[in-house]
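# Summary of the model geometry
What follows is each chain in one-letter form.
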Amino acid sequence: MTPALPRWADLVLIPGLNLALAFLVAGLVVVFIGEDPIRAVRILIQGSLGSSYGIGFTLFYATTFVFTGLAVAIAFHASLFNIGGEGQAALGGVGATLVCLAVPWPHWALALPFAILGAGLLGGAWAFIPGYLQAKRGSHIVITTIMFNFIASALVVYLLNNVLKAPGMSLETRKFGEGTYLPFMHEMLGAIGIEMSRTPMNLTSILALAAAFLTWLLIWRTRLGYEIRAFGHSEPAAVYAGIDPVRITILVMVMSGAMAGLMALNVVMGYQHRLVLDFVGGAGFVGIAVALMGRSHPVGVILASILFGILYQGGAELAFEMPAITRDMIVVIQALVILFTGALENLVRLPVERVFARRARG
Amino acid sequence: MTLAKTLVAAATLVAATTAAQAQDANPAVIFDRGGKFDKSFNQASYEGAERFKTETGIGYAEFEIQQDAQREQALRRFAERGHNPVVVAGFSNETAMQTVAQEFPETQFAIIDAVVDQPNVRSVIFNEHEGSYLVGVLAAMASKSGKVGFVGGMDIPLIQKFACGYVQGVKATDPDAEVFQNMTGNTPEAWNDQARGAEITRSQIDRGADVVYHAAGGTGIGVLQAAADAGVYGIGVDSNQNYLHPGHVLTSMLKRVDNAVYDALADSNNGEWTSGVYVMGLKEDGVGWALDENNAALITDEMKAAAETAREKIISGEIKVHDYTTDGSCPVS
């Protein structure tokens, strides 16, 4: 059996080492194209954390990833690999949009609960079908969820082309009424006297924290959460203990899809104020990396989301400041981080475990 | 990080920005998500900017959009730094431009493929339906089977505009002709899926099409390849793609995005900047069809004359080509 690692090593040391390795290799790539890696790192950090402007953008991206990351994490606990976050988020966007457009809302506080419901419902419904097929028919969830991403994409294109389209060239809905705009962070902080640059960061960031807390509560403090974890560890044992696998699979998938759908609050209701084609923009897939890196723990998911927020915002700054670093280079850097923190995790884990084992033996 | 630290850092950033502003006032070009080497729309605007650079020796700042949230960010960033003019290609930037142009009334902005009604914005749109009508005329005349094809990228109004103009040109020339229309996909990958483009083209050829027109960005490379392999004709789009398969590309529908970008940069540089809406149709040579040594043998005098007559009639208003985007529907199919 694998020797046990101290908790701090598992949670801090290994991700830290992975990250360091990723940046080392990324740095080599930067050197290879003839740029100064130290300057690149400085721009990356300065651009994402060095000003209230950078922080706002970083946390805006991070908020999106918290939702899609939690979605994947919840499913992971039941040993289900939900890679359909992209499609579930797109459907969540449709749900939020329908709510926002259906009624001339007088105030966002009234619209918000219904938008949460709309986004969660459609996102959850989109995950229900693969969940049902897995539970009842044994169709593998990885296959069905990824196929549902394409169906979702086609559905959204159809809706934007034929049902919800605003006049003009763009594939987007008309703008929502002002009564649905979630307050921006710079507005909220401005009201209590704190200056912040204008960024897309909005109220949803606080909702994301609440969602993370509720996820923790669900997984570790409720009976259902216990059943989910038991089912995830061993299905036969769970069944033996009287846990209904069909019920757990479907429930987990619906919750996971609803969580992915809530991502739309941040982008659609909080920032764009209309449904734009392809507003998800890969966030569903980033969620997988976030959940892997965060070890499916809500706190880990938040930290990993912030890291990816830094990579997104800092990456944009890098493209502005160093023209030699194209956006494809930034994708390479992001990919290296995913590779080292997700796929190559054992590269670091095994040697570290050996070191600790030797220590333990004295 | 404490708030004080944040504010200090922000102040430093502002100071740095102002310093950069003092040094140089130069143009900036923003490319859309396809990237500047998409062999299509963005590349055309890249070529326009490069032409300006070679002719004047003035470089330009650039940015390629990756996330939707970056649209406003990029525009604002370039305007803040004193870049002038700021040129952006792509209809998706409409809303961002609307917001940012108001914040920087002194900056000259240009947007291609969308109309933004602000006093400091130059909006350039193209009459793609007119150019597509002409290649439709040529396609109908070149076809022996009376069946022609159209392969679009994604099902968006802009591409329907191409398709609708094309069908009108075909039907005006040969009312009995059949037009097969297919879109490549529903995700942005549809702009860059050569294998799928080739597959759709082969299926259209199997159904009898012997001329296939594409408006599908990078996917079109596969369309033209499949047409050439099957010994029938393809029609290129945006840039002149006749050279890709000499003798097998009937012609290309030209959309001079490069000229629009070049003009915006040059006009600003020469102090001749004007704002407002520019419609680039056949009359303005904003769209057209390509004739060069690669396809000279394919275009008979009769075809040339027919296309020329149609061109003149469209310019004079005698032929009205329906624009799909005005009402979201096409009278013929």
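Because the structure is a prediction, the values reported are computed rather than measured. (Residues numbered from 1 in each chain as written. Chains lettered and ligands numbered in written order. Predicted model: local features only at pLDDT ≥ 70, side-chain atom pairs only at ≥ 80, totals over all residues. Heavy atoms only, no water.)

With that settled, consider the overall build of chain A. When you go through chain A residue by residue, the secondary structure sums to 15 helices and 0 strands. Compactness check: chain A gives a C-alpha radius of gyration of 21 Å against a globular reference of 21 Å for 362 residues, within 12% of the reference. Viewed in the frame of its principal axes, chain A has a C-alpha envelope of about 70 × 60 × 40 Å. The buried share of chain A, taken over its 362 residues, is 56%. Here chain A displays about 15600 Å² of accessible surface, and carbon together with sulfur accounts for 69% of that area. With 21 positive and 17 negative side-chain charges, chain A shows a separation of 9 Å between the mean positions of the two kinds. (Helix = DSSP H or I, 4+ residues; strand = E, 2+ residues; numbered from the N terminus. Rg over C-alpha atoms; globule rule 2.2 N^0.38 Å. Buried < 20%, exposed > 50% of the residue type's maximum accessible area, 1.4 Å probe, protein only. Areas by Shrake-Rupley, 256 points an atom, 1.4 Å probe, with all protein chains shown as cover. Lys, Arg positive; Asp, Glu negative; His and termini not counted. Charge placed at Lys NZ, Arg CZ, Asp CG, Glu CD.)

Further remarks concern the sheet that holds strand 5 (residues 121-126) of chain B. Residue and element names in this part refer to chain B. Taken together, the 6 strands give an open sheet; going across it, the order is 2-1-3-4-5-11, and neighbouring strands pair in parallel fashion. Each of the sheet's edge strands pairs with one partner strand only, and the pair in question is strand 2 (61-64) and strand 11 (276-280). The mean inter-strand angle of the sheet, taken between neighbouring strand axes irrespective of direction, is 15°. Running at roughly 165° to strand 1 (residues 28-31), helix 2 (residues 41-56) makes contact with strand 1, strand 3 (86-89) and strand 4 (109-112) of the sheet. (Pairing = 2+ DSSP bridges. Axes fitted to C-alpha atoms, helices over the stretch in contact; angles between N-to-C directions. Contact = heavy atoms within 4.5 Å.)

Residue and element names in this part refer to chain B. Under the definition given, this model contains 22 salt bridges over all chains. Between Asp-258 and Arg-51 there is a salt bridge; the shortest N-O distance is 3.7 Å. Of this pair, Asp-258 sits in helix 9 (residues 257-269) while Arg-51 sits in helix 2, placing them 207 residues apart in sequence. By relative accessible area, which is 12% here, Asp-258 ends up buried. (Salt bridge = Lys/Arg side-chain N within 4 Å of Asp/Glu carboxyl O.)

Looking now at empty space enclosed by the protein. Using the criterion set out here, one finds 2 cavities of 30 Å³ or more in the structure. Its volume calculated, the largest cavity comes out at about 160 Å³. Along its surface, the largest cavity is lined by 19 residues, and Tyr-61, Val-267, Phe-279 and Val-280 of chain A together with Gln-67 of chain B are the ones closest to its centre. The set of elements that each furnish at least two residues to the lining of the largest cavity consists of helix 3 (52-77) and helix 11 (245-272) of chain A. Here the lining of the largest cavity is composed, by residue class, of 11 nonpolar, 5 polar and 3 charged. Roughly 50 Å³ of internal volume is contained in the second largest cavity. As for the second largest cavity, its lining consists of Ile-14, Pro-15, Asn-18, Leu-292, Met-293, Arg-295, Thr-341 and Glu-345 of chain A. Those elements that place two or more of their residues in the lining of the second largest cavity are helix 1 (7-32) and helix 12 (283-293) of chain A. Of all the elements, helix 1 of chain A adds the most residues to the lining of the second largest cavity, at 3 residues. Of the residues contributing to the lining of the second largest cavity, the split by class is 4 nonpolar, 2 polar and 2 charged. (1 Å grid on protein atoms, 1.4 Å probe; cavity = no way out; pocket = protein on both sides within 12 Å on 5 of 7 lines; lining within 4 Å. Points joined across faces, edges and corners; volume = space filled by probe spheres on them. Nonpolar A, V, L, I, M, F, W, Y, C, P; charged D, E, K, R; others polar.)

Attention now goes to helix 14 (residues 327-343) of chain A. With 17 residues, helix 14 of chain A extends 23 Å between its outermost C-alpha atoms, agreeing within 8% with the 24 Å of an ideal straight helix rising 1.5 Å per residue. Arg-327, Met-329, Ile-330, Ile-333, Gln-334, Leu-336, Val-337, Phe-340 and Thr-341 of chain A are the residues of helix 14 of chain A that are buried. Those residues of helix 14 of chain A that are buried are in contact with helix 1, helix 12, helix 13 (298-321) and helix 15 (345-361) of chain A together with strand 2 of chain B. (Expected span 1.5 Å × (residues − 1).)

The next thing to look at is the interface of chain A and chain B. Taken residue by residue, the interface counts 41 residues in chain A and 42 residues in chain B. For the chain A and chain B pair, buried surface summed over both sides reaches about 3500 Å², with 54% attributable to carbon and sulfur atoms. Viewed at the interface, chain B and chain A are joined by 3 salt bridges. A salt bridge links Arg-77 of chain B to Glu-317 of chain A; the shortest N-O distance between them is 2.9 Å. In this assembly, chain A and chain B are joined by 7 residue pairs in polar contact (both at pLDDT 80 or more). Looking at the side of chain A that touches chain B, the elements with two or more residues in it are helix 2 (37-49), helix 3, helix 6 (141-162), helix 11, helix 13 and helix 14 of chain A. Here the element with the most residues in the side of chain A that touches chain B is helix 13 of chain A; it accounts for 7 residues. (Buried area = accessible area lost by both parts, 1.4 Å probe. Polar contact = N/O pair within 3.5 Å; in protein donor to acceptor, adjacent residues only side chain to side chain.)

The next thing to look at is the state of the cysteines. All names here are of chain B. Within this structure, the stated rule accounts for 1 disulfide over all chains. Put simply, Cys-164 and Cys-330 are joined by a disulfide, and their sulfur atoms are 2.0 Å apart. In this structure the cystine formed by Cys-164 and Cys-330 twists about its S-S bond by roughly 90°; its chirality is therefore right-handed. Here Cys-164 is found in helix 6 (residues 157-173), whereas its partner Cys-330 is found in the segment after helix 11 (324-327), with 166 residues between them in sequence. For Cys-330, a relative accessible area of 28% gives the class partly exposed. (Disulfide = S-S within 2.5 Å.)

Time to look at the confidence of the model for chain B. The predicted coordinates should not be examined in detail at positions where pLDDT is low. Residue and element names in this part refer to chain B. On average, residues of chain B score 88 in pLDDT, and 92% of them reach the 70 mark or higher. Predicted confidence is poor over residues 7-24, with pLDDT under 50, and the contacts of this stretch with residues over four places away or in other chains come to 12 contacts. Both scores are given for the predicted complex: the pTM is 0.86, the ipTM 0.77. (pLDDT = per-residue confidence, 0-100.)

Turning next to the nonpolar core. Ranked by internal contacts, the top residues of the largest apolar core, which has 192 residues, are Leu-75, Phe-109, Ile-112, Phe-162, Tyr-166, Tyr-213 and Leu-250 of chain B. Among the domains, domain 1 (3-127 + 258-280) and domain 2 (129-254 + 286-327) of chain B are the pair contributing at least three residues each to this core. The contacts of Leu-75 of chain B, once residues within four sequence positions are left out, are Ile-30, Val-86, Val-88, Ala-96, Met-97, Val-100 and Phe-109 of chain B. The next biggest cluster of nonpolar side chains, apart from the first, holds 6 residues, and it includes Ile-14, Val-348, Val-352 and Phe-356 of chain A. (Core = buried A, V, L, I, M, F, W, Y, C linked by side-chain atoms within 4.5 Å. Domains from an automatic or database assignment.)

Here we take up the packing of helix 5 (residues 128-142) of chain B against helix 6 of chain B. All names here are of chain B. Put simply, helix 5 and helix 6 touch, their axes get as near as 6 Å, and they point 40° apart. Of the possible angle classes, the one that applies to helix 5 and helix 6 is oblique. Seen from above, helix 5 lies across helix 6 with right-handed handedness. Residue-level inspection shows Glu-128, His-129, Ser-132, Tyr-133, Val-135, Gly-136, Val-137, Ala-139, Ala-140 and Met-141 of helix 5 in contact with helix 6, the latter providing Leu-158, Lys-161, Phe-162, Gly-165, Tyr-166, Gln-168, Gly-169, Val-170, Ala-172 and Thr-173. (Parallel < 35°, antiparallel > 145°, perpendicular 65-115°, else oblique. Left-handed = near helix turned anticlockwise from the far one by under 90°.)

What follows is about the pairing of strand 1 of chain B. All names here are of chain B. Along strand 1, one buried face is formed by Ala-28 and Ile-30 and the opposite face, lined by Val-29 and Phe-31, is buried too. Pairing geometry for strand 1 and strand 2, over 4 bridges, is parallel. Bridge pairing in strand 2 links Val-29 to Glu-62. You can see the chain leave strand 1, run along helix 2 and come back into strand 2, and the turn it takes is right-handed. Pairing of strand 1 with strand 3 involves 3 bridges; the strand directions are parallel. Within the sheet, the bridge partner assigned to Ile-30 lies in strand 3 and is Val-88. (Right-handed = clockwise from strand over helix to strand, strands pointing away.)

All names here are of chain B. Read from one edge to the other, the open sheet built from 6 strands follows the order 7-6-8-9-10-12, with strand pairing classed as mixed. Edge positions in the open sheet fall to strand 7 (178-185) and strand 12 (287-289), since each of these has one partner strand only. With direction set aside, neighbouring strand axes in the sheet form an average angle of 15°. Pairing analysis gives 3 bridges linking strand 10 (residues 249-255) to strand 12, with the strands arranged antiparallel. Across the sheet, Met-253 pairs through a bridge with Trp-289, a residue of strand 12.

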